[in-house]
Amino acid sequence: MPHLDLLYPARRLIGHRLDNCRLMTLEEKVFGFFRQGMCQAVKSPSGIFDWLRRRDARLVVDVFEHNRLDVISLASLMAHLTELMDAPMISLR
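Residues numbered from 1 in each chain as written. Predicted model: local features only at pLDDT ≥ 70, side-chain atom pairs only at ≥ 80, totals over all residues. Heavy atoms only, no water.

Caption draft 1: Structural context of the packing of helix α1 (residues 7–14) against helix α5 (residues 61–86). Where α1 contacts α5, the two axes come as close as 11 Å, and the packing angle between them is 45°. When the axes of α1 and α5 are compared, the pair comes out oblique. For the pair α1 and α5, the sense of crossing is left-handed. Each of Pro9, Ala10, Leu13 and Ile14 in α1 lies in contact with α5, whose residues at this interface are Leu77, His80, Leu81, Leu84 and Met85. In the contact of α1 with α5, the residues fall into eight nonpolar, one polar and no charged. (Axes fitted to C-alpha atoms, helices over the stretch in contact; angles between N-to-C directions. Helix = DSSP H or I, 4+ residues; strand = E, 2+ residues; numbered from the N terminus. Parallel < 35°, antiparallel > 145°, perpendicular 65-115°, else oblique. Left-handed = near helix turned anticlockwise from the far one by under 90°. Contact = heavy atoms within 4.5 Å. Nonpolar A, V, L, I, M, F, W, Y, C, P; charged D, E, K, R; others polar.)

As structure tokens, this is what we get:
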């Protein structure tokens, strides 16, 4: 399916101001948003495998929350990059 990868435009438009263009870095440096820890299931696949074995939905609540925050951050990043692209060019003459 077609998709839009925001990594490349983020690198081109704001990457020069950042240590890297990881989503967490963009959240912190561009939006001032700091996530409080990362759930274990996102850090390693063991949490997902636990869920697959036990089918206990409580084991993936943090994963869904993490993914929800990713979607919000990516939508915010898309809006920010669009604003940068729409900004008028400044003439240095």
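Caption draft 2: Representation of α5 within the structure. An ideal rise of 1.5 Å per residue puts 38 Å on 26 residues; α5 measures up with 38 Å between its terminal C-alpha atoms. Among all positions in α5, only Val63, His66, Leu69, Asp70, Ser73, Leu77, His80 and Leu81 are buried. (Expected span 1.5 Å × (residues − 1). Buried < 20%, exposed > 50% of the residue type's maximum accessible area, 1.4 Å probe, protein only.)

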